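# Chains, contacts and geometry: an overview
Here is how the chains run, residue by residue.
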Amino acid sequence: MALKLRHLHEFMAAKPHAVLEYPFGEQPAVYKANNKMFALIDERKKPLRVSLKCDPTLAEVLRQRYESVMPGYHLNKRHWNTVVLSGQLSDEEVLDLINHSYNLVVAKEDT
């Protein structure tokens, strides 16, 4: 079963120093940590889509393995994936990718 919007927001908002903003207008919802984006949620799409920062090597592997994972929409395609929450990836896999994105951003707080 694909994650619901409420669960995404709750999971991301619970991250230390996570802040929800709408810097581009009404959409997308943008989560930042240490003033750096780690997730963007297109809240209007059905199924939901979430764009996440990703290690470039892992990003390519995920895109080859899953049709619901594609290069980041309107983002640096080397470092971002957009994941369609269609159920192809389990909830646990999606949450792991959110954690991966968050950890990449937090690890680079000194740059």
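Report on the accompanying structure. Keep in mind it's a predicted model, so treat the numbers as computed, not measured.

## With respect to the packing of aromatic side chains
- In this structure the tally under the stated criterion is 2 aromatic pairs.
- Seen in terms of ring centroids, Y31 and F38 are 6.2 Å apart; in terms of plane orientation they differ by 50°. Their pairing is tilted. As far as burial versus exposure is concerned, Y31 and F38 are alike and both buried.
- For the ring pair F38 and Y102, a centre distance of 5.3 Å and an interplane angle of 80° mean the geometry is edge-to-face. Here the residue F38 occupies a position in strand β3 (residues 36-42), and Y102 occupies one in helix α3 (residues 91-107), the gap between them amounting to 64 residues. The pair F38 / Y102 is uniform in exposure class, with both members buried.
- Among the aromatic residues, those joined into a ring-pair cluster are Y31, F38 and Y102.

## Re the side chain of H9
- Position of H9 relative to the elements: it lies in helix α1 (residues 5-13).
- In this view, H9 contacts L20, Y22, A29, Y31, I41 and E43; residues no more than four positions away in its chain are not counted.

## Comments concerning the pairing of strand β6 (residues 80-84)
- For β6, the tally of buried residues reaches 5 of 5 residues, placing the bulk of the element in the interior.
- Across the two faces of β6 the burial is the same, with W80, T82 and V84 and N81 and V83 all buried.
- Of the strand pairs in this sheet, strand β4 (residues 49-53) and β6 are connected by 5 bridges, and their pairing is antiparallel. Looking at the pairing, V50 lines up with V83 of β6.

## Looking at the layout of surface pockets
- Of the voids in this model, the largest pocket is the one considered here, and its volume is about 380 Å³.
- Lining the largest pocket we find 16 residues, and of these P28, D42, S51, Y73 and H74 sit closest to its centre.
- Of all elements in the fold, only β3 and β4 reach the threshold of two or more residues within the lining of the largest pocket.
- Here the lining of the largest pocket gets 4 residues from one element, more than from any other, and that element is β3.
- When the residues that make up the lining of the largest pocket are grouped by side-chain class, the tally is 8 nonpolar, 4 polar and 4 charged.

Scoring rules and cut-offs
Residues numbered from 1 in each chain as written. Predicted model: local features only at pLDDT ≥ 70, side-chain atom pairs only at ≥ 80, totals over all residues. Heavy atoms only, no water. Phe/Tyr/Trp six-rings, centres within 6.5 Å; stacked < 30°, edge-to-face > 60°. Buried < 20%, exposed > 50% of the residue type's maximum accessible area, 1.4 Å probe, protein only. Helix = DSSP H or I, 4+ residues; strand = E, 2+ residues; numbered from the N terminus. Contact = heavy atoms within 4.5 Å. Pairing = 2+ DSSP bridges. 1 Å grid on protein atoms, 1.4 Å probe; cavity = no way out; pocket = protein on both sides within 12 Å on 5 of 7 lines; lining within 4 Å. Points joined across faces, edges and corners; volume = space filled by probe spheres on them. Nonpolar A, V, L, I, M, F, W, Y, C, P; charged D, E, K, R; others polar.

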